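Residue-level listing of the chains:
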Amino acid sequence: VVAAGKVSDAPVCSIDLFPTILDSAELAFPTDREIDGISLLAHLESASDQSLGRDELIWQFPHYRHPPGPYSIIRKGNFKLIKFWEGSSELYDLGDDLGEENDLSKSMPEKVRDLDVRLVDQLKAMNAKLPIPNPDWKG
(Lines give C-alpha, C1' and ligand atoms only; values in the text may rest on other atoms or scores of the structure.)
Protein backbone atom coordinates (compact mmCIF):
# COMPACT_ATOMS: atom_id res chain seq x y z
CA VAL A 1 0.00 0.00 0.00
CA VAL A 2 2.86 2.39 0.80
CA ALA A 3 5.34 2.92 -2.01
CA ALA A 4 8.89 1.86 -1.15
CA GLY A 5 11.47 4.56 -0.59
CA LYS A 6 9.04 7.29 0.49
CA VAL A 7 10.23 9.65 3.20
CA SER A 8 8.21 11.78 5.59
CA ASP A 9 9.57 14.72 7.56
CA ALA A 10 6.55 14.77 9.87
CA PRO A 11 7.49 14.30 13.54
CA VAL A 12 6.07 11.07 14.91
CA CYS A 13 6.52 9.14 18.12
CA SER A 14 6.47 5.53 19.26
CA ILE A 15 2.98 6.10 20.71
CA ASP A 16 1.77 6.34 17.09
CA LEU A 17 2.69 2.72 16.35
CA PHE A 18 -0.22 1.11 18.20
CA PRO A 19 -2.95 3.17 16.48
CA THR A 20 -1.21 2.71 13.11
CA ILE A 21 -1.07 -1.08 13.52
CA LEU A 22 -4.73 -1.22 14.60
CA ASP A 23 -5.76 0.96 11.67
CA SER A 24 -3.67 -1.10 9.21
CA ALA A 25 -5.21 -4.34 10.45
CA GLU A 26 -8.69 -2.77 10.37
CA LEU A 27 -9.15 -3.52 14.07
CA ALA A 28 -11.28 -1.45 16.43
CA PHE A 29 -9.56 0.88 18.84
CA PRO A 30 -10.04 0.05 22.52
CA THR A 31 -12.86 2.04 24.07
CA ASP A 32 -11.93 1.41 27.70
CA ARG A 33 -8.87 3.72 27.63
CA GLU A 34 -7.54 6.81 25.98
CA ILE A 35 -5.05 6.27 23.16
CA ASP A 36 -2.43 9.03 23.02
CA GLY A 37 -0.97 8.33 19.59
CA ILE A 38 -2.50 8.79 16.15
CA SER A 39 -2.67 6.50 13.17
CA LEU A 40 -0.06 7.30 10.54
CA LEU A 41 -1.75 5.14 7.90
CA ALA A 42 -3.48 7.86 5.86
CA HIS A 43 -0.30 9.98 5.98
CA LEU A 44 1.78 7.05 4.73
CA GLU A 45 -0.73 6.05 2.04
CA SER A 46 -0.76 9.64 0.73
CA ALA A 47 3.03 9.59 0.24
CA SER A 48 3.22 12.01 3.21
CA ASP A 49 0.97 14.60 1.52
CA GLN A 50 -1.83 14.29 4.08
CA SER A 51 -1.16 16.26 7.23
CA LEU A 52 -1.06 14.43 10.55
CA GLY A 53 -3.28 17.14 12.03
CA ARG A 54 -0.92 18.04 14.84
CA ASP A 55 1.96 20.44 15.12
CA GLU A 56 3.38 19.44 18.47
CA LEU A 57 4.49 16.45 20.50
CA ILE A 58 4.72 16.33 24.30
CA TRP A 59 6.63 13.94 26.54
CA GLN A 60 6.24 13.87 30.32
CA PHE A 61 8.59 12.27 32.87
CA PRO A 62 7.32 13.52 36.26
CA HIS A 63 9.37 11.13 38.36
CA TYR A 64 12.83 11.15 39.91
CA ARG A 65 14.50 8.37 37.95
CA HIS A 66 17.89 9.97 37.27
CA PRO A 67 19.58 13.37 37.35
CA PRO A 68 18.52 16.06 36.74
CA GLY A 69 15.15 14.88 38.04
CA PRO A 70 11.66 15.29 36.54
CA TYR A 71 11.41 16.80 33.08
CA SER A 72 8.92 17.45 30.32
CA ILE A 73 9.45 18.10 26.63
CA ILE A 74 7.51 19.90 23.94
CA ARG A 75 8.36 19.83 20.27
CA LYS A 76 6.47 22.47 18.31
CA GLY A 77 7.55 22.95 14.72
CA ASN A 78 11.33 22.71 14.63
CA PHE A 79 11.75 23.85 18.24
CA LYS A 80 12.21 21.44 21.12
CA LEU A 81 12.07 22.64 24.73
CA ILE A 82 13.22 20.41 27.57
CA LYS A 83 11.86 21.70 30.88
CA PHE A 84 13.75 20.40 33.91
CA TRP A 85 11.33 20.90 36.79
CA GLU A 86 14.19 21.32 39.27
CA GLY A 87 15.57 24.36 37.43
CA SER A 88 16.75 25.14 33.94
CA SER A 89 15.44 24.50 30.45
CA GLU A 90 17.12 23.71 27.16
CA LEU A 91 15.95 24.87 23.73
CA TYR A 92 16.98 23.43 20.38
CA ASP A 93 16.12 24.24 16.77
CA LEU A 94 15.94 20.74 15.28
CA GLY A 95 15.76 22.19 11.77
CA ASP A 96 19.36 23.40 12.14
CA ASP A 97 20.61 21.22 14.99
CA LEU A 98 19.19 17.71 14.88
CA GLY A 99 21.92 16.48 17.26
CA GLU A 100 20.86 18.99 19.96
CA GLU A 101 24.35 20.41 20.38
CA ASN A 102 23.50 24.14 20.52
CA ASP A 103 21.26 25.11 23.45
CA LEU A 104 19.44 28.32 22.44
CA SER A 105 17.72 28.92 25.80
CA LYS A 106 19.93 31.87 26.75
CA SER A 107 19.73 33.57 23.36
CA MET A 108 15.98 32.98 22.86
CA PRO A 109 14.36 33.50 26.30
CA GLU A 110 11.04 34.60 24.78
CA LYS A 111 10.75 31.34 22.80
CA VAL A 112 11.55 29.43 26.01
CA ARG A 113 8.77 31.29 27.85
CA ASP A 114 6.24 30.75 25.04
CA LEU A 115 6.95 27.02 24.79
CA ASP A 116 7.05 26.63 28.59
CA VAL A 117 3.61 28.22 28.92
CA ARG A 118 2.24 26.05 26.10
CA LEU A 119 3.75 22.90 27.64
CA VAL A 120 2.38 23.52 31.14
CA ASP A 121 -1.04 24.52 29.75
CA GLN A 122 -1.21 21.32 27.71
CA LEU A 123 -0.09 19.14 30.62
CA LYS A 124 -2.78 20.66 32.82
CA ALA A 125 -5.41 20.23 30.08
CA MET A 126 -4.47 16.53 29.90
CA ASN A 127 -4.66 16.20 33.69
CA ALA A 128 -1.06 15.01 33.59
CA LYS A 129 0.65 14.33 36.89
CA LEU A 130 2.98 17.24 37.56
CA PRO A 131 6.13 16.63 39.56
CA ILE A 132 6.00 17.12 43.29
CA PRO A 133 9.29 18.47 44.69
CA ASN A 134 11.26 15.79 46.51
CA PRO A 135 13.32 17.39 49.33
CA ASP A 136 15.31 14.16 49.70
CA TRP A 137 16.40 14.11 46.02
CA LYS A 138 20.15 13.96 45.67
CA GLY A 139 20.28 14.24 41.87
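Up top is the structure.
Worth saying up front: this structure is predicted, and the values here are computed from it rather than measured.

## Thoughts on the packing of aromatic side chains
Link 1 in the chain: Considering all chains together, one arrives at 2 aromatic pairs under this definition.
Link 2 in the chain: Here the aromatic cluster, defined as three or more aromatic residues joined through ring pairs, consists of Phe-61, Tyr-71 and Phe-84.
Link 3 in the chain: Sitting over the face of the ring of Trp-85, Lys-83 holds its NZ or CZ atom 4.7 Å from the ring centroid.

## A word on the environment of Asp-23
Link 1 in the chain: Structurally, Asp-23 can be placed in helix H1 (residues 17–24).
Link 2 in the chain: When its relative accessible area of 32% is taken as the criterion, Asp-23 is described as partly exposed.
Link 3 in the chain: Sequence separation of Asp-23 and Ile-38 is 15 residues, and the distance between their C-alpha atoms is 9.6 Å.
Link 4 in the chain: Ignoring anything within four residues of it in the chain, the contact list for Asp-23 reads Phe-29, Ser-39 and Leu-41.

## Notes on the pairing of strand S2 (residues 71–76)
Link 1 in the chain: Of all the 6 residues making up S2, 5 are buried; the element is thus mostly covered by neighbouring parts of the structure.
Link 2 in the chain: By the bridge criterion, 6 bridges tie strand S1 (residues 56–61) to S2 in an arrangement that is antiparallel. Looking at the pairing, Ile-58 lines up with Ile-74 of S2.
Link 3 in the chain: Alignment of S2 against strand S3 (residues 79–84), held across 6 bridges, turns out to be antiparallel.

## Structural notes on the sheet that holds strand S4 (residues 89–93)
Link 1 in the chain: Read from one edge of the open sheet, 4 strands run S1-S2-S3-S4, paired in antiparallel fashion. Two strands bound the open sheet, and with one partner strand each, they are S1 and S4. In this sheet, adjacent strand axes meet at a mean angle of 10 degrees when their direction is disregarded.
Link 2 in the chain: Packed onto the sheet, helix H3 (residues 109–125) meets S1, S2, S3 and S4 and runs at close to 70 degrees relative to S3.

About the thresholds
- Throughout, residues of each chain are indexed from 1 in the direction in which the sequence is written.
- In keeping with the predicted nature of the model, local features appear solely for residues at pLDDT of at least 70, side-chain atom pairs appear and are counted solely at 80 or more, and the whole-chain, interface and lining totals rest on all residues.
- The side-chain quantities take in all heavy atoms of the structure and omit both hydrogens and water.
- Any two rings among Phe, Tyr and Trp, with Trp reduced to its six-membered ring, count as a pair given centres within 6.5 Å; such a pair is stacked if its planes are under 30 degrees apart, edge-to-face if over 60, and tilted if neither.
- Charges are assigned to positions over rings by a cutoff of 6 Å between ring centre and Lys NZ or Arg CZ, combined with an angular limit of 35 degrees from the ring normal.
- For the purposes of this entry, the term helix denotes a DSSP run of H or I that reaches at least four residues, the term strand denotes a run of E that reaches at least two, and both are numbered from the N terminus.
- Under the scheme applied here, a residue whose accessible area is under 20% of the maximum for its type counts as buried, over 50% as exposed, and between as partly exposed, the area being computed with a 1.4 Å probe on protein chains only.
- The contact criterion used is simple: two residues touch if any of their non-hydrogen atoms lie within 4.5 Å.
- DSSP calls a pair of strands paired once it identifies at least 2 bridges connecting them.
- As a rule, the C-alpha atoms of each element are fitted with a line to give its axis, helices using only the stretch in contact, and angles between N-to-C directions run from 0 to 180 degrees.

None of the figures reported here should be taken as evidence of function without further support.
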